[in-house]
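# Chains, contacts and geometry: an overview
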Amino acid sequence: MASDTFVGSRGERRLRHKEFVFPVVVGTCAFYLGKKATETQSHKWYLYVRGLNGEDIGHIIKKVVFNLHPTFPNPTREVTVHPFEIEEHGWGEFELNVTLHFADDAQEQSVDIFHKLKLYSEVEPTNQSTKKPVVNEQYEELIFSEPVEAFYQRVTTFTPPVAFPIPSIAPHFRVFDPADDLHKINQARQKVAHMMASVKRQFESLA
Ligand code: SLL
């Protein structure tokens, strides 16, 4: 059965009650420069928007604008091709803003994502390594609700290229796996249940 469609405010045909969800990861990956570190350049870092497996997401996103801290020369950086990534050198952590612009046929407004550049590990902030970067990644789901029909058709029948340039920092990418998350949540629940039972036993022995 054909989906129910309606005409949007710009005359575009949209799919009623449909949703297209596209996951992306926004991340920073920072390497301490060790002996080469100077006062203004202690780290080399990368900032990126990537597909879950580091694949090209150019069929959905046509441009990423990275808005850096004003202490950087030309703090507004635009990237229009895979990998949607920039490389910089700096000395400090800051909150940054990433604007995603969608493919024209999506007929959607751009979205802003806020992210923190991390240079220091939270667990061991003084133990800096030139080999092991500090990676801070966040998983985001782009939700196209009642998408434009032509866009939906195109992206749901899109065959991703088998080969794509692998970003140099790909070995440091985190793996986002819903099954893995569920497993961690269940483990945490069990741990809490054990702790509660143990506290309860202690109380009972005192009573
Ligand atoms: C802080 N609130 O004080 C932060 C600001 C800014 C970092 C950090 C510039 C590098 C350059 C740079 O790393 N800015 O000058 O090329 O920690």
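Structure's up top.
In this numbering scheme, every chain counts its residues from 1 along its sequence in written order. The model is predicted, so local features are restricted to residues of pLDDT at least 70 and side-chain atom pairs to those at 80 or more, both for listing and for counting; the totals for chains, interfaces and linings are taken over all residues. Working from all heavy atoms in the structure, the side-chain values ignore hydrogens and water.

## Remarks on unusual backbone geometry
Put simply, H82 and P83 share a cis peptide bond, and its omega is -10°. Counting from the N terminus, the helices are DSSP H or I runs at least four residues long and the strands are E runs at least two residues long. Along the polypeptide, P83 turns up in the loop between β6 (76–79) and β7 (84–90). Unlike most non-glycine residues, Q107 shows phi in positive territory, near 50°. Inspection of the secondary structure assignment puts Q107 in the loop between β8 (94–102) and β9 (111–117). To sort residues, take the accessible area from a 1.4 Å probe on protein chains only and compare it with the maximum for the residue type: under 20% means buried, over 50% means exposed, and anything in between is partly exposed. A relative accessible area of 28% places Q107 in the partly exposed class. The phi torsion at E146 lies on the positive side, around 45°, for a residue other than glycine. Here E146 lies in the loop between β10 (134–145) and α1 (149–156). Its relative accessible area of 26% is what places E146 among the partly exposed residues.

## Topic: the nonpolar core
Across soluble globular proteins, you tend to see nonpolar side chains buried next to one another. Ranked by internal contacts, the top residues of the largest apolar core, which has 34 residues, are W45, V49 and I61. For this core, the secondary structure elements donating two or more residues are β3 (19–32), β4 (43–50), β5 (61–67), β7, β8, β9, β10 and α1. Those residues in contact with W45 that sit more than four places away from it in its chain are C29, A30, L68, F72, I86, E87, E88, H89, G90, F94, L117 and L119. As used in this record, nonpolar core signifies buried Ala, Val, Leu, Ile, Met, Phe, Trp, Tyr and Cys residues forming a set joined through side-chain atoms within 4.5 Å. Within the second largest apolar cluster, 7 residues are counted, among which are C29, F31, Y46 and I169. Contacts are residue-level and defined by heavy atoms, with any inter-residue pair within 4.5 Å sufficient.

## Here we look at the sheet that holds β3
A sheet is described by the order of its strands in space; here 4 strands give the open sequence β7-β4-β3-β10, paired in antiparallel fashion. Because the sheet does not close on itself, it has two edges, and the strands there are β7 and β10. On average, each strand axis in the sheet is inclined to that of its neighbour by 15°, with strand direction left out of account. Where β4 lies against β7, 7 bridges are found, and the strand directions are antiparallel. From the neighbouring strand, K44 faces β7, where its bridge partner is H89. Of the strands in this sheet, β3 and β10 are in contact with α1, which crosses β3 at around 60°. Pairing between strands requires that DSSP locate at least two bridges from one strand to the other. Only C-alpha atoms enter the line fits that serve as axes; for helices the fit covers just the stretch in contact. Angles between N-to-C directions range over 0 to 180 degrees.

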